[in-house]
Amino acid sequence: MADFDGRSALLYRFKQKSVSTAKDVISLRFKSRQADGVLLHGESRRGHFITLELRDTRLALHLNLDDTSGGGEAVTVGSLLDDEKWHWVAMERLNKQVKVSVDHYTQSFQTQGHGESLEVDYELSFGGIPLPGKPGTFLRRNFEGCMENVYYNGVNVVDLAKRRKPQMYIVGNVSFSCTRPKRTVCTFISSSSSFLWLPAAPHTIVDRRYFSIRFQFRTWNTDALLLVTGLGPMHRELRLHISDSRLLLSNAATVTSRNTGERGPRVSDGLWHWLSVDYRGLQLVLSLDHKPIATVQQLHPLEPSGGFFFGGCGANDCHSWSSSFQGCMRLLSIDRWPIKLSLVQQGMLGNFSSLLFDACHIRDRCLPNMCEHGTLCTQTWDRFNCNCSGSGYAGATCHHSIFESSCESYRLSGSSSGFYSIDPDGSGPLGPTQVYCNMTDDKAWTLISHNVTLPVRVSDSSKPETHVMKFNSSASSQQLRAIVMASEQCRQEVVFTSKRSRLLKADEGHPLSWWVDQHGKRRNYWGSSSHAWSKDSGFLSGKDHLPLSVLVEESEAVHSVGPLRCHGDKRLWNVASFNQEGAYLILPPLQPEQAFDLTFYFKTDGPSGVFLNSLEKKDFIRLELSSPSVVMLSFSASVVLVKSHLPLNDRQWHYVRVERNIKETLLQVDQLPVGVLEAPPDAGGVPSGLRGFLGCIRSLTVNGLTYDLQESAKTAPGVSPTCPGYCDGPSIVCHNQGRCFEKSDGFACDCSRSAYAGPLCKDEVALAFDEQTSVTYTFLPGHHQNSSVSKHGGGRTREDMTFSFVTMRRPAMLLSVKTFKTYSMVVLLAGNGSLHVWYNLQSDRKPEVFSPASSSLADGKTHQVRILCESNTVYVQVDQQIYRKFTMVSDAEPIPITTVTLGKITVNESLPLEVVSAGKAGFVGCLSAVHVNHVAPLKVALLQRGISSVGVRSVLAQSRCSDVSHDLTGQTSTNTASKDGSQKGAGITIGSATALVLTAACLVAAMTRLLYRCRPQS
């Protein structure tokens, strides 16, 4: 064991000048009194180095195996390692493979560059880098604390130093026993009742012209009271508290705050911070980590009275308007009088409540990081939170994707053609990617473009020359592979033109061109299955090889490669039908980890039945239809229920999602309110004897992986790989989000959730608007339109709006959203006709305005608009050409909608001028297919007249936007033709007049000549 005082080190010197190793094993135990300090360091003149150090309470490894001083890797492991407790560290390296561990946390990585050996000159230093002038990049603060069991490649370094072996050299004062720290710590554990009260120092009571308070603290909380004391007989208070992670010092009356000094850097980082408040000569100085951050000049002397409250105060002792402090404090002093916390603990000094002594019980709840998909973890004293903004994921741990898995899923939900983000493996690790979905009645084509959009010409050369063209897309190779393998069919067109018009040398059979597939293998077939080439073009359709990644050409040619095109989604209709009550499928164990999700669709006419039952003792889970309108999820003796107001055994497809993570367990059924169970219970068992399921289950997916139900059903008794019914299969029977319902003699379409009408939900519902027309839909209390009940919302607010319009007027008010009494969102056409999306989610900030394009949409043509808002990310699509992504500066969640208004609104003059102008102008034209999440306001207003949730101004006139667009376009053409005709007529008139003038001039000239000839001769 060795004790380092922060100015000492142990040097292990090699027998040679330099040592090069392909394998290293280093291990040690330490306990540190500081947040920073070097544990081990070695380097060479060639630029190699290795450093193990504490940096902000974490262990950092810096390693470089290349002959460049600027290279190397840096990884961090662990947290709060300055807690003066023993920690175990190990670093193992074999060539470029490295593993570093702290206690039970491990990180593995591979070094970059070409080097595979570590070269160190002369020595390794433990505990610090002793010479400031020593060459090297990593000169750091020396270690202060204790080490033991220090091994470097099998050598016990501390044992050699203790025995004074010649290869060891001691710098400074290193003792071989670990001294016990003299500092005592107290932990404030309650946000409502913790406090420490200390009396003023004796001389402060006599001389009140100055006072000084100093202490160290650490916390994660962003708002907390640190210090408060009374100021004389005027009932004033001096407060020091944390506000939004920064310090705020105020000399305050009991109600209003004055003379405020702030704020400095953030302090809610879990690190120890020195804090001091000094008052002398009418000047109040606040210092953080020995640096002044605020100075407040006082008009009157400050006279502390009643002692000092730290971290909080009793209910009747001060007027606290901050949460009590949760964290740790140590090294407290009042007027340089050190406070012995042991006396406080024994009741001999001051008073306290809800405090723990002799240890700091702070925890890093973001270690390990339970926030998935690279999202940010933040924490307070007793919980952690995940910021999913902009990640494409939602939920307590950002686990499940907010996007559909394929274009086919978007098609089945009624979406039109356009750019969409798809997540091919759902909650898996691949992440979302943007594609173009081309929707038809019977299929959805997924188009993934690459970086070479124009034909490429390969010039001829007298020398043999190979031209290589690489194709890259925005999707990764893993995402492309997932999309291709999940699709029914994929293909990629190749068009080739050359002087010889062939891709193969017929005489030799050696190809002049070939391509490289996604696995990096060379392919020389062109077309779907053969080496023959006809018409200089073909489609590559081998799913195992697509997409094409490299094209190689050795002759003069022009070639172009189209986008990857796929259609279908085999996962959506992977179905099994359970025809006997005792029938079942045995699937691989779920093995629920700290986060997992399970999704599927079911339909049945039975009153109850078990969907899924795991018999594992450690991770028991059961999911069942417990009654015709209740789905129940069981964990041990605890359950989560979702109840439907309508029966679920109606022979229609219903969606079920289960998510379990370290914070909560969720159960979602269709669009019903999500069932939540916080802090999932320990696994156990539930009595059996439940009814088997009779019906169909499809698209069973766990953590993004779809189980092959059809294949399993082929060999299971009582189970078939099909599900009979008119509404089953990938073909759309009911369009535009209409739901298909089975009947004994056929099917029927429920268009209540669709913006369209008719037997198949294909008939357009449109309304002609004038300047005074408006339609307002009000959401009933308890039914605010938010996405907490949407399929992918996961409890976070999500707004999805679509509509079509035709107009030639600008400015124009298209759509406005109110949250209670405030307009939180407005969609309008500006004075130049461009589309503006306006958000106002926080009253103390300026509204945010997004404009996807500058071109005018007031052109008499039909335009489709889709606006999707997830957290602080806004996606806007206009027709099929414009797709933009915007990020709101505001971090406020969208507030649930109370009303949606189409057309004219009554605006407050305090709103921005652009909104006021559009609101007064209203909308003149045609609106159709208006959909706000799962509500069609326009359709309700036209087909359910008199309903209380709809308010209408002016007379409603049903219309067809296509007819309005044709009339407006025709009117524009007629006006243009009239103008052209008028100009043409003017041209004819002017031409005729000119001809007459010329004719008259010719006649005058002819008469003059004749008279000249007839004149008598003199």
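Residues numbered from 1 in each chain as written. Predicted model: local features only at pLDDT ≥ 70, side-chain atom pairs only at ≥ 80, totals over all residues. Heavy atoms only, no water.

Participant: Teacher, can you tell me more about the packing of aromatic side chains here?
Facilitator: Each pair of aromatic rings is reported with the distance of its centres and the angle of its planes. This structure, assessed with the given rule, holds 28 aromatic pairs. An angle of 80° between the planes, with centres 6.3 Å apart, marks the rings of Phe217 and Phe325 as edge-to-face. Separated by 108 residues along the polypeptide, Phe217 in strand S18 (residues 210-218) and Phe325 in the loop between strand S26 (304-310) and strand S27 (327-334) bring together distant segments of the chain. The pair Phe217 / Phe325 is uniform in exposure class, with both members buried. Counting every residue linked through ring pairs, the aromatic cluster contains Phe188, Phe215, Phe217, Phe310 and Phe325. Its guanidinium or amino end placed over the ring of Phe384, Lys663 lies 5.0 Å from that ring's centre, counting from NZ or CZ. The cationic tip of Arg698 hangs over the ring face of Trp653; the distance from NZ or CZ to the ring centre is 4.7 Å. (Phe/Tyr/Trp six-rings, centres within 6.5 Å; stacked < 30°, edge-to-face > 60°. Helix = DSSP H or I, 4+ residues; strand = E, 2+ residues; numbered from the N terminus. Buried < 20%, exposed > 50% of the residue type's maximum accessible area, 1.4 Å probe, protein only. Lys NZ or Arg CZ within 6 Å of the ring centre and 35° of its normal.)

Participant: How do you make sense of the sheet that holds strand S48 (residues 609-614) when you look at a structure like this?
Facilitator: Strand pairs in the sheet, formed through backbone hydrogen bonds, run parallel or antiparallel to each other. Pairing is antiparallel across the open sheet formed by 4 strands, whose spatial order is S48-S49-S50-S51. Whereas interior strands pair on both sides, the edge strands pair on one side only; in this sheet they are S48 and strand S51 (638-643). The mean angle between the axes of side-by-side strands here comes to 15°, regardless of whether they run parallel or antiparallel. Where strand S50 (residues 630-635) lies against S51, 6 bridges are found, and the strand directions are antiparallel. (Pairing = 2+ DSSP bridges. Axes fitted to C-alpha atoms, helices over the stretch in contact; angles between N-to-C directions.)

Participant: Help me understand the pairing of strand S64 (residues 822-829), please; the structure alone is not making it clear to me.
Facilitator: Taken across its 8 residues, S64 has 7 buried, putting it largely inside the fold. The pairing of strand S63 (residues 812-819) with S64 spans 7 bridges and is antiparallel. Bridged to Ser816 within S64 is Val826. Pairing between S64 and strand S65 (residues 835-839): 5 bridges, direction antiparallel. The residue bridging Leu829 from the neighbouring strand is Leu835, located in S65. The antiparallel pairing of S64 with S65 creates a hairpin that spans 5 residues between the two strands, and Gly833 there sits at a positive phi of about 90°.

Participant: Just checking my understanding: could you explain the confidence of the model for the protein for this structure?
Facilitator: Where the model shows low pLDDT, its predicted coordinates should not be examined in detail. Per-residue confidence for the protein gives a mean pLDDT of 80, with 78% of residues at or over 70. For residues 679-688, every residue scores under 50 in pLDDT, and the model assigns this stretch 28 contacts once sequence neighbours within four places are set aside. This stretch, residues 783-796, has a pLDDT under 50; its non-local contacts, to residues over four places away or in other chains, come to 52 contacts. (pLDDT = per-residue confidence, 0-100. Contact = heavy atoms within 4.5 Å.)

Participant: Where do I start with the state of the cysteines in this structure?
Facilitator: Two cysteines, two sulfur atoms, one covalent bond between them: this is a disulfide. Counted under the stated rule, the structure contains 10 disulfides. Each disulfide pairs two cysteine sulfurs, and for Cys371 the partner residue is Cys386, the sulfurs being separated by 2.0 Å. One quick way to see it: the torsion about the S-S bond of Cys371 and Cys386 is about -85°, and its sign makes the bridge left-handed. Here Cys371, found in the loop between strand S30 (355-357) and strand S31 (376-379), pairs with Cys386, found in strand S32 (residues 384-387); they are 15 residues apart in sequence, far enough to count as distant. Both residues of the pair, Cys371 and Cys386, belong to the buried class. Between the sulfur atoms of Cys388 and its disulfide mate Cys398 the distance is 2.0 Å. (Disulfide = S-S within 2.5 Å.)

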